[in-house]
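# Reading the structure
As a plain string of letters, each chain reads:
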Amino acid sequence: MLKEIFLPLVSYFSFFNIFQYITFRAAYAAVTALLFSLLLGPIVIEWLRKQKLGQEIRDEISTMHKAKSGTPTMGGILIILAIVVSVLLWQDLRSIYTWICIVALLGFGAIGFVDDYLKIYKRNAAGLRAKFKFIAQILLSLAIVLFIFHNRNPETTLLYIPFFKYAILDLSYLYIPFGVLVLVGASNAVNLTDGLDGLATGLVVLVGMALGVLTYVSGRVDFAHYLLIPFIPGSGELTILACALVGAVVGFLWFNCHPAEVMMGDTGSLALGGIIGVMALLIKKEILLIIIGGVFVLEALSVIIQVVSYKLRKKRVFKMAPLHHHYELSGWSENKVVTRFWILGGLFVILSLSTLKIQ
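Below: a short report on this structure.

Procedures and definitions
Here the residue numbers are simple positions, counted from 1 along each chain's written sequence. Per-residue local features are limited, in this predicted model, to residues with pLDDT of at least 70; the limit for side-chain atom pairs, both in listing and counting, is 80 or more; totals at the level of whole chains, interfaces and linings are taken over all residues. Think of the side-chain values as coming from all heavy atoms in the structure, minus any hydrogens and water. Helix and strand definitions here come from DSSP, where helices need a minimum of 4 consecutive H or I residues and strands a minimum of 2 consecutive E residues; each element is numbered from the N-terminal end. The span you would expect from a helix comes to 1.5 Å times its residue count less one. Using a 1.4 Å probe on the protein chains alone, a residue whose accessible area is under 20% of its type maximum counts as buried, one over 50% counts as exposed, and one in between counts as partly exposed. In the analysis that follows, any N or O atom pair within 3.5 Å is treated as a polar contact, provided that within protein one partner can donate a hydrogen and the other can accept it, and provided that, for residues neighboring in sequence, both atoms belong to side chains. Stacked, tilted and edge-to-face pairs are distinguished by plane angle, under 30 degrees for stacked and over 60 for edge-to-face with tilted covering the rest, among Phe, Tyr and Trp rings (Trp via its six-membered ring) whose centres lie within 6.5 Å. The rule for a charge over a ring is simple: NZ of Lys or CZ of Arg within 6 Å of the ring centre, and within 35 degrees of the ring normal. Note on definitions: a residue-residue contact is assigned when non-hydrogen atoms from the two residues lie within 4.5 Å.

With that settled, the discussion passes to helix α9 (residues 238-256). Between its terminal C-alpha atoms α9 stretches 26 Å, which fits the 27 Å expected from 19 residues at 1.5 Å a residue. Within α9, 16 of the 19 residues are buried, which leaves the element mostly enclosed by the surrounding structure.

This is the structure in structure tokens:
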């Protein structure tokens, strides 16, 4: 919005030329989202508290996290609002990527909101039935992927693998189920990780910073050609979204660090996972996302392994899934689990960015 308002004035005031630079708008998008989260955080938390929108703790972990029962949840509303406001102010509203991402953020957030509301309304930690939540995620993901496919560029359906210079396969129409899998997988992986104070929040910050770098170089023809990665025209605008994401989540982390004053709930975790998946799709980093979000992948895999093992062998591989609860039951304190998972997340991010030159 600000670009559309001020850039035409450059003929009168040369200073306004700064609004054409993605780096300038990305930096201030991060600052805007951060300040929005920090300043409105106490107001939102107090409102959630007055509405008695408190977290219900699963029976299996109630002994470990009994003190968290009643902590305001649905704090993801704050994150979503901060990102949307910042994006509308600083991103190019004529870019199709802006609207794809806003729809994804609000859509996944809405699914999470319904789930959170039912958890609180019914006083049941299970919330929305898994079947219905999964169907809703698939339908939303399908709508987004079909839109991307309809407006595809020459790179859209190509499949790139880290450490390889060129695309290994043109997925053609198989891109549609593949894209749905990426979005549903990403949203659920972040959702499963959101079980300890600040855990998912800190990891999303790391992933957001990595995506900020990747979206910027993917949108610059000179950088893309130098690094031998696909050039995606216009994708540089996603750098602004990535920075807004980082700013909003850092601001939320101020209130979400241990002991948490508020939890993001499924409203936040599904929205964040969904928007991460969308950005990866748009810049052709779907497979690299497995490395970028390595901790999210490990958390999701731990649940899959646990369920499959119990169904087939009637035995559990982990003391409890997702993985962070396994380490808690192994004697690690909550802070130790969170800090070590953050460190591991940082290592995955470094590894993912190193692939830009190792190919």
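Within the secondary structure layout, D197 lies in the loop between α6 (175-193) and α7 (199-218). On the basis of relative accessibility, which here comes to 7%, the residue D197 falls in the buried class. Of note is the side chain of D197, whose polar atom sits 2.9 Å from the side chain of H258.

This paragraph deals with the packing of aromatic side chains. Two numbers describe a pair of aromatic rings. These are the distance of the centres and the angle of the planes. According to the stated counting rule, one finds 15 aromatic pairs in the structure shown. Considering the side-chain rings of Y28 and W90, the 5.8 Å spacing of their centres and the 35 degrees angle between planes classify their relative orientation as tilted. Of this pair, Y28 sits in helix α2 (residues 22-50) while W90 sits in helix α3 (residues 76-90), placing them 62 residues apart in sequence. Put simply, the rings of F6, F13, F15, F16, F19, F24, Y28 and W90 touch in pairs and so form one group of aromatic residues. Stacked on the ring of F149, the Lys or Arg R152 has its end atom at 4.1 Å from the ring centre.

The residue Q306 is located in helix α12 (residues 294-313) in this model. A residue is classified by how much of its surface remains accessible, and Q306, at 8% relative accessible area, is buried. For Q306, the side chain forms a polar contact with the main-chain nitrogen of V317, separated by 3.0 Å. Here the side chain of Q306 touches F318 through a polar contact of 2.9 Å, landing on its backbone oxygen. With near-sequence residues (within four places) excluded, Q306 lies in contact with R316, V317, F318, K319, M320 and A321.

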